[in-house]
Amino acid sequence: DLAVAELNEDKDALDDFLNQQNYRMAYWKTADQQLGYRRFFDVNTLIGLRVEREYVFEETHALILDWLRRGVLDGVRVDHPDGLRDPLQYFRRLRDHAPNAWIVAEKILAQGEFLRESWPIEGTSGYDFLNAALGVMVWPEGMKQLNEIYEEFTSEPTDFRAIAHEKKLNAAQEALGSDVNRLTSLMVDICEANRDQRDYTRAEMRRAIREVAACFDLYRSYVEPTRGEITDEDREHIGQAIECAKQKRKDIGAGLFDFMRGVLTLEVKGKKEAEFLMRFQQFTPPVTAKGMEDTAFYCYNRLVAMCEVGGDPGSNGISVKDFHAYNAKMQATHPHTMITLSTHDTKRSDDVRARLAVLSEMPAKFGGALNRWSRMNNDLRTELFGGGHGDLPDRNTEYLMYQTLIGAWPINVERLQEYMLKATREAKQRTSWTVNSAEFEKAMHTFIDAVMHYEDFVTDLDRFVEEIKEAGRVNSLAQTLMKDTAPGVPDLYQGAELWDLSLVDPDNRRPVDYKLRRKLLREIVKLPATGAAAEVMRRADEGLPKLWTIHQALCLRRERPQSFGAEAAYTSLKVVGAKA
């Protein structure tokens, strides 16, 4: 204690002591541009391990592998394998140590992308299914009308691809600047050693790297230089990103982009070229995650149900035919994949999304309500914020608030304020986590409080939600039944056995009343077969229809395992009749 006290009293001695460490103490914002180690996305306190080295794998996985060998665990879920230097090597090593384990990966797939069949695992953690199930729920024509309503109300851009590209560029330049600097230094060395590429400047290389990463239409490629592995799929996506970058940055010589393509596709080889390739492949996932899912998804609010992990908010949904094609593919390639509707990371619960999907079937009515509510609440805003502050909160934030209220109603003031604070900080349009706008945040909180205590508005909102609540529940039951009978292993997020109107974390981490769920489950199990459905629907407000649907579907799976196993066929049926 005496030594520590003496050191703290002498700044020169303390500085000398710190300079002898294997790290340098630095202001936290320094990490955005200067960082010598890999991290988890942009969280600089979570340092990446060299798990591709066998002894590191052995030591970090000793406890998990012991549990798998002893049967304590049946399987594992691997979090964000795209952050690994060599995902295929990792999964092969894990499979060799745990040949009988059920292994799934939290792999976020782009629209039309499927899990690599070379990965020796059962499948993903289910975001791909979640988005397919939602996509088949929305009405394409209604989505187009919502586009017009959103644009007219907010004056915000409606080209989601352009928005996502801009936000990915921002993420690469700001939060992930240190990663860009490291890649740039490697590319400088590579170009210096190549007589045809020496005249490109460091600044050009830095811009080119950011542009190509922002142009990637999926999380990453999986080229492996040591084993010489590259697929046609990798070449296609790398080529698409390069051509996109060429079009967007005509101020940079096309030859530099072509040279980058050569490095990324193994046409240009070498030790540093291999290092650049592997690091670039670890760079594009955080660019996409931070730029798109953690930013663009909170800026583009046309129908926020579509702003889901692995989703495409600019999409107008998918056809029934495409939904069947997806399921058939899963049955053929990954029949034991995990399928889910809600996770700890989803932006909204399955029931919130199911209710919001109804808006695509009644866009004109929603548009009318939107304008009516804005007029009703406009006086609150101007009265509270006179003298030039009548534009707070902005129209995009107001639009998001109304959709959130519809999806999660009934919701109290505190929950709505907490959610909107997180959403607007993630959007980084009016405020952010690193640069808070006290004026905007106070204005938004005060507006929410006033709106939620305005009786006429609350009455109108409640009436609107009552009109769509039943349709939302039908959607919920439909996607629940699909999840529990589609190819794969259905997962149930905590509390989702009953209606669950949760928003993004920490809202979806609230305590679950399991005592109530056990009680209701005992009651529905005892219901006589005749009249059970009518009784369940009579008690719909308690969430019984959802619990009953889950119970019935899981009982069916248990009774007919051969119908849901890996050897079963997937046959799409054409629905006929008045309610087809």
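Summarised in this report is the structure supplied together with it.

About the thresholds
- Residues numbered from 1 in each chain as written.
- Predicted model: local features only at pLDDT ≥ 70, side-chain atom pairs only at ≥ 80, totals over all residues.
- Heavy atoms only, no water.
- Helix = DSSP H or I, 4+ residues; strand = E, 2+ residues; numbered from the N terminus.
- Rg over C-alpha atoms; globule rule 2.2 N^0.38 Å.
- Buried < 20%, exposed > 50% of the residue type's maximum accessible area, 1.4 Å probe, protein only.
- Contact = heavy atoms within 4.5 Å.
- Areas by Shrake-Rupley, 256 points an atom, 1.4 Å probe, with all protein chains shown as cover.
- Lys, Arg positive; Asp, Glu negative; His and termini not counted.
- Charge placed at Lys NZ, Arg CZ, Asp CG, Glu CD.
- Disulfide = S-S within 2.5 Å.
- Pairing = 2+ DSSP bridges.
- Core = buried A, V, L, I, M, F, W, Y, C linked by side-chain atoms within 4.5 Å.
- 1 Å grid on protein atoms, 1.4 Å probe; cavity = no way out; pocket = protein on both sides within 12 Å on 5 of 7 lines; lining within 4 Å.
- Points joined across faces, edges and corners; volume = space filled by probe spheres on them.
- Nonpolar A, V, L, I, M, F, W, Y, C, P; charged D, E, K, R; others polar.
- Phe/Tyr/Trp six-rings, centres within 6.5 Å; stacked < 30°, edge-to-face > 60°.
- Patch = residues over 30% accessible without salt bridge, like charges linked within 9 Å, V, L, I, M, F, W, Y side chains within 5 Å.
- Salt bridge = Lys/Arg side-chain N within 4 Å of Asp/Glu carboxyl O.

Considerations on the overall build of the protein chain
And then number 1: Within the protein chain, the secondary structure is distributed over 24 helices and seven strands.
And then number 2: At 26 Å, the protein chain has a C-alpha radius of gyration in line with the 25 Å of a compact globule built from 580 residues.
And then number 3: Projected onto its principal axes, the C-alpha coordinates of the protein chain cover approximately 75 × 70 × 65 Å.
And then number 4: In the protein chain, buried positions account for 52% of the 580 residues.
And then number 5: Counted over contacts in the protein chain with a minimum sequence separation of 6, partners at least 24 positions apart contribute 75%.
And then number 6: Carbon and sulfur atoms make up 51% of the accessible area of the protein chain, which amounts to about 28,100 Å² in all.
And then number 7: Between the centroid of the 78 positive side chains of the protein chain and the centroid of its 92 negative side chains there is a distance of 3 Å.

A few points about the state of the cysteines
And then number 1: Applying the stated criterion across every chain yields a total of one disulfide.
And then number 2: A sulfur-sulfur separation of 2.3 Å characterises the disulfide bridge that pairs Cys215 with Cys244. A torsion of -60 degrees about the S-S bond marks the disulfide between Cys215 and Cys244 as left-handed. A residue pair is termed long-range when its members are at least 10 positions apart, and Cys215 in helix α10 (residues 202–215) and Cys244 in helix α11 (residues 232–248) qualify at 29 residues.
And then number 3: Residue Cys215 is classed as buried on the basis of its relative accessible area, which comes to 4%.

Things to note about the sheet that holds strand β5 (residues 123–124)
And then number 1: Taken together, three strands build an open sheet; the order of strands is β3-β4-β5 and the sheet is parallel. Two strands lie at the open edges of the sheet, namely β3 (75–79) and β5, each paired on one side alone.
And then number 2: In this sheet, strand β4 (residues 102–106) lies alongside β3 in parallel orientation, the contact comprising five bridges. By the bridge assignment, Asp79 is partnered in β4 with Glu106.

Observations regarding unusual backbone geometry
And then number 1: Residue Trp409 is joined to Pro410 through a cis peptide bond whose omega torsion reads 5 degrees.
And then number 2: With respect to the helices, strands and loops of the structure, Pro410 is situated in the loop between α17 (395–408) and α18 (413–427).
And then number 3: In the segment running from Asp505 into Pro506, the intervening peptide bond is cis, with an omega of 10 degrees.
And then number 4: Within the chain, Leu266 stands out as a residue other than glycine whose phi angle is a positive 70 degrees.

Examining the nonpolar core
And then number 1: Counting residues in each nonpolar core, the largest one holds 75 residues, and the members touching the most others are Phe129, Leu303, Met401, Leu405, Ile406 and Phe464.
And then number 2: Apart from residues lying up to four places away in sequence, Leu303 is in contact with Val138, Met143, Leu146, Leu356, Leu359, Ser360 and Gln403.
And then number 3: In this structure, Ala208, Ile230, Leu256 and Leu266 belong to the second largest nonpolar core, which totals 38 residues.

Brief notes about empty space enclosed by the protein
And then number 1: Taken as a whole, this structure holds five cavities of 30 Å³ or more when the rule is applied.
And then number 2: Lining the largest cavity we find Gln111, Asn131, Leu134, Gly135, Met306, Gly311, Asp312, Ser315, Gly317 and Ile318.
And then number 3: Partitioning the lining of the largest cavity into residue classes produces three nonpolar, six polar and one charged.

Points about the packing of aromatic side chains
Working definition: an aromatic ring pair is given by the centre-to-centre distance plus the angle between the planes.
And then number 1: Applying the stated criterion to the full structure yields 19 aromatic pairs.
And then number 2: Judged by centre distance (6.4 Å) and plane angle (20 degrees), the ring pair of Phe114 and Tyr326 falls under stacked. On the criterion of sequence distance, the pair formed by Phe114 in the loop between β4 and β5 and Tyr326 in helix α14 (residues 320–333) is long-range, its members being 212 residues apart.
And then number 3: Here Tyr326 falls in the buried class, since its relative accessible area comes to 10%.
And then number 4: Ring geometry for Phe276 versus Phe280: centroids 5.9 Å apart, planes at 15 degrees, classification stacked.

What to know about a positive patch on the surface
And then number 1: Side chains of Lys515, Arg518, Arg522 and Lys526 sit close together on the surface and give a patch of like positive charge.
And then number 2: Relative to the helices and strands, Lys515 is located in helix α21 (residues 514–525).
And then number 3: For Lys515, a relative accessible area of 67% translates into the label exposed.

A closer look at a negative patch on the surface
And then number 1: A cluster of acidic side chains, namely Glu9, Asp10, Asp12, Asp15 and Asp16, defines a negative patch on the protein surface.
And then number 2: Of all the elements, helix α2 (residues 11–19) adds the most residues to the negative patch, at three residues.
And then number 3: Mapped onto the fold, Asp12 is located in helix α2.
And then number 4: The class of Asp12 is exposed, set by a relative accessible area of 66%.

A short note on the environment of Leu421
And then number 1: As for its placement among the helices and strands, Leu421 is situated in helix α18.
And then number 2: When the C-alpha atoms of Leu421 and Trp433 are compared, they prove to be 9.6 Å apart, with twelve residues separating the residues in sequence.

A few points about the pattern of salt bridges
And then number 1: For the structure on display, the rule yields 48 salt bridges.
And then number 2: Linking Asp82 and Lys107 is a salt bridge whose minimum nitrogen-to-oxygen distance equals 2.7 Å. Within this pair, whereas Asp82 is found in the loop between β3 and α5 (87–97), its partner Lys107 is found in the loop between β4 and β5, the two being separated by 25 residues in sequence.
And then number 3: With its nearest N and O atoms 2.8 Å apart, the salt bridge here joins Arg415 to Asp507. Placement of Arg415 in helix α18 and of Asp507 in the loop between β7 (489–490) and α21 is noted, with a sequence separation of 92 residues between them.
And then number 4: A relative accessible area of 11% places Asp507 in the buried class.
And then number 5: Each of Asp86, Arg92, Arg227 and Glu229 takes part in one network of salt bridges that share partners.

With respect to the environment of Asn475
And then number 1: Summarising the element assignment, Asn475 is placed in helix α20 (residues 455–485).
And then number 2: Once residues within four sequence positions are removed from consideration, Asn475 is found in contact with Met137, Ala354, Ala357, Val358 and Glu361.

A closer look at the pairing of strand β2 (residues 43–47)
And then number 1: Bridging between strand β1 (residues 39–40) and β2 involves two bridges; their strand directions are antiparallel. When the bridges of β2 are listed, Arg39 appears paired with Ile47.
And then number 2: The turn linking β1 back onto β2 is made up of two residues, and Phe41 within it adopts a positive phi angle of 50 degrees.

Regarding the side chain of Lys469
And then number 1: Structurally, Lys469 is set in helix α20.
And then number 2: What makes Lys469 buried here is its relative accessible area of 19%.
And then number 3: In contact with Lys469, not counting residues within four places along its chain, are Arg355 and Asp541.

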